[in-house]
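Coordinate analysis (summary)
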Amino acid sequence: MQKGHQHPLTQMISEINSIFAEIGFVFAEGPEAETEHYNFDQLNFPPDHPARDMQDTFFLRSEDTKEPMVLRTHTSPVQARFMESHEPPVRVIVPGKVFRNEATDATHEAQFHQLEGLYVDKGVHMGHLKGTIEHFFSKFFAGEVEVRFRPSFFPFVEPGVEIDMMLKESDSKLANKWIEVMGAGMVHPNVLKASGIDPEVYSGFAFGMGIDRLAVMKYGINDVRDLYTGDLRFVNQF
Amino acid sequence: MLVVHNWLKDYIGDSIPSAKEIEELLMFHSFEVEGIEKIGEHEVIDVDVLPNRSSDCLCHRGIAREIASITGTTLVNDPLQKEVQLQETDLISVDIEDKEMCPRFTASLITGIQVKESPQWLQDRLVALGQRPINNIVDATNYVMYAIGQPLHAYDAEKFPQVDGSWKFGVRYAKEGEVVSLIAEGGKDEDRDVVLKGTELLIVDQSSNTPIGLAGVKGGRFAGVDENTTKIIVEAAHFDASLTRKTARGLGIVIDASKRFENECSRELPPYAQQEIIALITDIAGGASEGTVDLYFQKKENPEVIVRPATANALLGLSLEASEMESILSRVGITVTKNADHFVCVGPWERTDMNIEVDFIEEIGRVHGLNHIDSVVPDTVALTELNARHYYSEQVRDTLIELGFSEVITSSFRKKDKVKLRNALASDKGCLRSSLTKGIIDTLDKNAGFTDLLGTTDTRVFEIGTVFHKTEESIGEYVALSLGVRTKANGYNPKDDVQVIAAMEALETKLGASITHDIQKAVVEINFTELFESLPVPTAYEPVEVAEEIAYTPFSVYPAMTRDIAMWVQQGVDIAEVSKVLAGSAGELCVRITHVDAFSKDGRTSLAFRLVFQSMDDTLTDEQVNPVMDTVYQVAKDAGYETR
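Note that residues are indexed from 1 along each chain, following the sequence as it is written. Labels are handed out in written order, letters beginning with A for the chains and numbers beginning with 1 for the ligands. This being a predicted model, a pLDDT of at least 70 is required before a residue's local features are given, and a value of 80 or more before pairs of side-chain atoms are given or counted; all residues contribute to the totals for chains, interfaces and linings.

We now examine the overall build of chain B. Counting secondary structure elements, chain B contains 18 helices and 29 strands. Just to be clear, the radius of gyration here is over C-alpha atoms, and the globule rule we use is 2.2 Å times residues to the power 0.38. A globule of 644 residues ought to have a C-alpha radius of gyration of about 26 Å, yet chain B, at 37 Å, is considerably larger. Taken along the three principal axes of its C-alpha coordinates, chain B extends 120 × 65 × 60 Å. Once C-beta atoms are placed from the backbone, each residue is buried if 20 or more other C-beta atoms lie within 10 Å of its own, exposed if 12 or fewer, and partly exposed for counts between those two. Across the 644 residues in chain B, those meeting the buried criterion constitute 41%. Segments assigned H or I by DSSP are reported as helices when at least four residues long, segments assigned E as strands when at least two residues long, and all are numbered from the N terminus.

Here we take up the overall build of chain A. Scanning chain A from terminus to terminus reveals seven helices and nine strands. What you see for chain A is a C-alpha radius of gyration of 18 Å, in line with the 18 Å of a compact globule of 238 residues. Based on the C-alpha atoms only, the size of chain A along its principal axes is roughly 50 × 45 × 35 Å. Counting the 238 residues in chain A, one finds 60% classified as buried. A residue pair is marked as a contact if its C-beta atoms, positioned from the backbone, fall within 7 Å. Of all intrachain contacts in chain A linking residues separated by at least 6 positions in sequence, the fraction that spans at least 24 positions is 67%.

By our criterion, buried Ala, Val, Leu, Ile, Met, Phe, Trp, Tyr and Cys residues that link up through C-beta atoms within 7 Å make up a nonpolar core. Ranked by size, the top nonpolar core spans 243 residues in total, and within it A:Phe205, B:Val144, B:Ile232 and B:Ile281 carry the most contacts. Apart from residues lying up to four places away in sequence, A:Phe205 is in contact with A:Tyr119, A:Val124, A:Met126, A:His128, A:Leu129, A:Ala184, A:Gly185, A:Met186 and A:Val187.

With that out of the way, let us pick up the interface of chain A and chain B. By a widely used convention, the size of an interface equals the accessible area lost when the partners come together. Facing 81 residues of chain A, the contacting portion of chain B comprises 91 residues. Counting residues per element, the ones that place at least two in the side of chain A that touches chain B are helix H1 (8-22), strand E1 (26-27), strand E5 (111-121), helix H4 (126-140), strand E6 (144-152), strand E7 (157-168), helix H6 (211-219) and helix H7 (232-235) of chain A. The element that contributes the greatest number of residues to the side of chain A that touches chain B is H4(A), accounting for ten residues. In terms of residue class, the side of chain A that touches chain B is made up of 33 nonpolar, 29 polar and 19 charged. Three classes are used: nonpolar for Ala, Val, Leu, Ile, Met, Phe, Trp, Tyr, Cys and Pro, charged for Asp, Glu, Lys and Arg, and polar for all others, with Gly counted as polar.

Residue and element names in this part refer to chain A. A large share of strand E4 (residues 90-99) lies buried, amounting to nine of its ten residues. Whether two strands pair comes down to DSSP finding at least two bridges between them. Pairing of E1 with E4, which is carried by two bridges, proceeds in the parallel orientation. Across the sheet, the residue bridging to phenylalanine 27 is isoleucine 93, located in E4.

Right, let's talk about the environment of B:Thr244 for a bit. All names here are of chain B. With respect to the helices, strands and loops of the structure, threonine 244 is situated in helix H6 (residues 241-251). The spacing of threonine 244 and lysine 259 is 15 residues in sequence and 8.6 Å in space, taken between C-alpha atoms. Other than its neighbours up to four places away in sequence, threonine 244 contacts Gly216, Val217, Phe239, Ser258, Phe261 and Glu262.

A few words on helix H13 (residues 437-447) of chain B. Here H13(B) has its buried residues at B:Gly439, B:Ile440, B:Thr443, B:Leu444 and B:Asn447. Projected onto a plane normal to the axis of H13(B), the buried residues spread over an arc of 135° and lie on a single side. Here the buried face of H13(B) lies against H7 of chain A together with strand E23 (459-470), strand E24 (475-486) and strand E25 (523-527) of chain B. Working note: the arc is built from the helix axis to C-beta atom directions.

Another aspect to go through is the sheet that holds strand E14 (residues 231-238) of chain B. Residues and elements named next belong to chain B. Overall, antiparallel pairing links the four strands, which are arranged E6-E14-E5-E15 in an open sheet. Edge positions in the sheet fall to strand E6 (153-156) and strand E15 (288-296), since each of these pairs with one other strand and no more. The average angle at which neighbouring strand axes cross in this sheet is 20°, direction not considered. The strands that helix H5 (residues 136-148) touches are E6 and E14; relative to E6, the one it contacts most, it runs at about 155°. Where helices are involved, their axes are fitted lines through C-alpha atoms of the stretch in contact, as for all axes, and angles between N-to-C directions lie from 0 to 180°.

It is worth spelling out H6(A) at this point. Since the α-helix turns once every 3.6 residues, residues separated by three or four places project in the same direction. Residues and elements named next belong to chain A. Of all nine residues that make up H6, seven are buried, and the element is covered over most of its length. Within H6, burial applies to Ile211, Asp212, Arg213, Leu214, Ala215, Met217 and Lys218. Phi turns positive one or two residues past the end of H6, at glycine 220, with a value near 70°.

If you trace the backbone, B:Asn387 turns up in the loop between helix H11 (357-368) and helix H12 (388-402). Counting along the chain gives 182 residues from B:Asn387 to B:Val569, while the straight-line C-alpha distance between them is 56 Å. Aside from chain neighbours lying at most four places away, what touches B:Asn387 is A:Phe27 and A:Glu29.

For the rest of this paragraph, the subject is the pairing of strand E9 (residues 203-210) of chain A. Residue and element names in this part refer to chain A. Most of E9 is tucked away: seven of the eight residues are buried. Sheet analysis places E5 next to E9, joined by eight bridges and oriented antiparallel. Opposite leucine 115, over in E9, you have methionine 209 as the bridge partner. Across four bridges, strand E8 (residues 179-187) lies against E9 in antiparallel orientation. The residue of E9 that forms the bridge with alanine 184 is phenylalanine 207.

So, about the sheet that holds E5(A). All names here are of chain A. On the basis of which strands lie adjacent, the open sheet formed by seven strands has the order E1-E4-E5-E9-E8-E7-E6 and mixed pairing. Looking at the sheet topology across the chains shown, the edges are occupied by E1 and E6. The sheet contact formed by E6 and E7 spans nine bridges and is antiparallel. Bridging across to E7, glutamate 146 finds its partner in methionine 166. Sitting on the sheet, H1 touches E1, E4 and E5, and the angle it makes with E4 is about 170°.

Residue and element names in this part refer to chain A. Close contact between H1 and H6 brings their axes to 10 Å; oriented N to C, the two are set at 100°. The orientation of H1 relative to H6 falls into the category roughly perpendicular. Contact residues: H1 offers Pro8, Leu9, Met12 and Ile13, while H6 offers Ile211, Leu214, Ala215 and Tyr219. In the contact of H1 with H6, the residues fall into eight nonpolar, no polar and no charged. Working rule for angles: under 35 degrees goes down as roughly parallel, over 145 as roughly antiparallel, 65 to 115 as roughly perpendicular, anything else as oblique.

This part is about the packing of helix H9 (residues 309-316) of chain B against H11(B). Each pair of packed helices gets described by two things: the angle between the helix axes and the distance between those axes. Residues and elements named next belong to chain B. Put simply, H9 and H11 touch, their axes get as near as 10 Å, and they point 65° apart. Handedness of the H9/H11 crossing: right-handed. Between H9 and H11, the contacting residues are Thr311, Ala312, Leu315 and Leu316 on the first element and Glu357, Ile361, Ile364 and Gly365 on the second. Counted by class, the contact of H9 with H11 contains five nonpolar, two polar and one charged residues. Here a crossing is taken to be left-handed if its near helix is turned anticlockwise relative to the far helix by less than a right angle, and right-handed if that turn runs clockwise.

What follows is about unusual backbone geometry. The phi torsion of most residues other than glycine is negative, and most of the peptide bonds are trans. All names here are of chain A. Geometrically, the link from proline 88 to proline 89 is a cis peptide bond, its omega value of 0° lying close to zero. Examined against the element boundaries, proline 89 turns out to sit in the loop between helix H3 (77-85) and E4. With omega at -5°, the peptide bond leading from glutamate 158 into proline 159 counts as cis. Within the secondary structure, proline 159 is located in strand E7. The phi dihedral of asparagine 44 falls on the positive side, at around 70°, and the residue is not glycine.

Take B:Val377: it is sitting in the loop between H11 and H12. Beyond its immediate chain neighbours, meaning those up to four positions away, B:Val377 contacts A:Gly131, A:Thr132 and A:His135.

Structure follows, in structure tokens:
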């Protein structure tokens, strides 16, 4: 019998989990239909703040839900959910499907996969963020990877950074150039507080990246929509 | 935010770095730069100002100040450091209904002006920003906004009724159903009449209670400046960020003025803007200021914040001296008071984003340079818990893939289902799926005709994904598993069930559990959440190797064409060798050769191959494929094979 093929996204999620599990990051999950409370409020998005414009949200109908609900726009709500139910130290990754209400094209899908990471403990600093991300990419791309930070802004972190990576000394087509890969930062004290964690005692970093984008980088996929069409002419190449 | 390099020079002076150097400085210390463009004589830098810095950096002075902070220099000319000296007037009165929503309102009377074209230098700068010069007065209001970030509006004072010797402005909420006429937006010819809900704030001519503009969002034609205007009133006010945003978004208007209010530009700004515009107008249009009215009800000062150097180092992963931090903070314009183990810091008044300790720590990190942070891989610790859903999903994948099933991920959206979205992307994506079955059937239908192309004998697929349902007062979800088989291209065949039954048996064996299921036309779906929750708690993940970096090839969307060839060959001839000979002659259109049959008789072997042809550019015709097959037959014969 000829073997079937695993979808590249679940294959990558397995690899990601394996790499992070080695350094103690738990694979956490949360609902895809999420409350606005967890998707925005707990993550320091004030109501009516322009920051909410960064994300085009699908809303569920108010007549169906007692509490306002959305399709999660990021995997970040799981940060808050996990911190509420666990005492630090907390090390988690959250790979999962997210949704944005935006026009689709070869580089945008209304549904895609994100990888969230969170590490909260005493004494966690930006160097740990850098080290963790370098560790991950070095394993994921099987080569030496360097990352660099650039200032950025996300309501749930401060300082916030954009992360670029460069794969060094490799035959890969990705090698020797800076590639923007994710947003990250130190967890905002408001987010820690909202989840019952004292920011005077604990600090943490969080990061988020598109797994679909990783697939584009790693496999040279030319249209991200192919990931969601169930077309075996696509899946069977992996 | 577009920034003109030569305009920045007004503030930074001759020591200004080049546009390219500015791009580099901003990239690593402040903001992303989209690009640098030459427009006329001007170099224009497109800066992506971050949301938290949109209070102070949506203007040239803000970007110039940012560059000075990074390079540790002082602005040679800083409009926000000049002492404000505005003459008062009682010729203008202002009545504000809600002083929280409009905490400040200033207006200046300027007389004896002459409306004409702006001087070339000013026109050039506006053009470089993509703005159309109108006349020197309107241009001046825009110019000052792009210079220091405060929106302004100019009225013709002679068209604005003067009652009892004074001009009377009012700021009040709209009445429900009230209509305001707004100046045509960029690119549109006609003014827009807007019917209001009653939550919006209006600027009115108080004497007649006539709306003259939507506060913070857009002005009307009322008392518009034209070529005959000689006397003007220039208004610069502050409106609440959230209210402005609600009004602007509600009406779908996002313009430069509303963007600045939405991002809470400082309420200290209006008098500075008045000072700038009076100077500019009297310079380019003549005339003189008759005075300014300044009503300031709700002062909002930046808080005193305790910043501990030890905390800053601990968070940034740096080991800076307190004195270095002090110098960085001062460079940014922060007032620093030193204490034994901490600073008391106050952000510069024009920034409304400096409110808690980490806001200041971020400044230290980025101005110093995030590149100074060294990597530290966290100590390895044991996993505290395993994800059962992932663990058992992997077991399911291993089992099914071994049985020839491929994994798909299909859309979570459906045309029709129980859970509806409030704002769908498209009419056929208005609902969330309540089961995976439909997606699996669609997938089978779509792929059943691809078996030759893919070199498979039949089509087997599965999906593990979230499905949604309504509960009493919320939306519930669980993870479902669905799989299906199609052996014939033309639809379901009862034989397909056999493969599904076998797959379910294999899963039961692998998971060591009996799985209640119901096979419908060779498709089955189960509640996977319920299943894995009933299984033993996993203790360790199976190791996973990182997959090789294969190069994906975009597939053709055009149909494939299949041709079979059979031939006698000498017994013992290598099948791969024959396949290679055929492949060598089948040309680029041949995308797959599959060996489909072999039998031996009388010392000879019969081999059959299936050739699949497909083009990236169009649907193939017999006329394209027949000659290729003729060549294949000829080459086979030449190789000594007896084709049949």
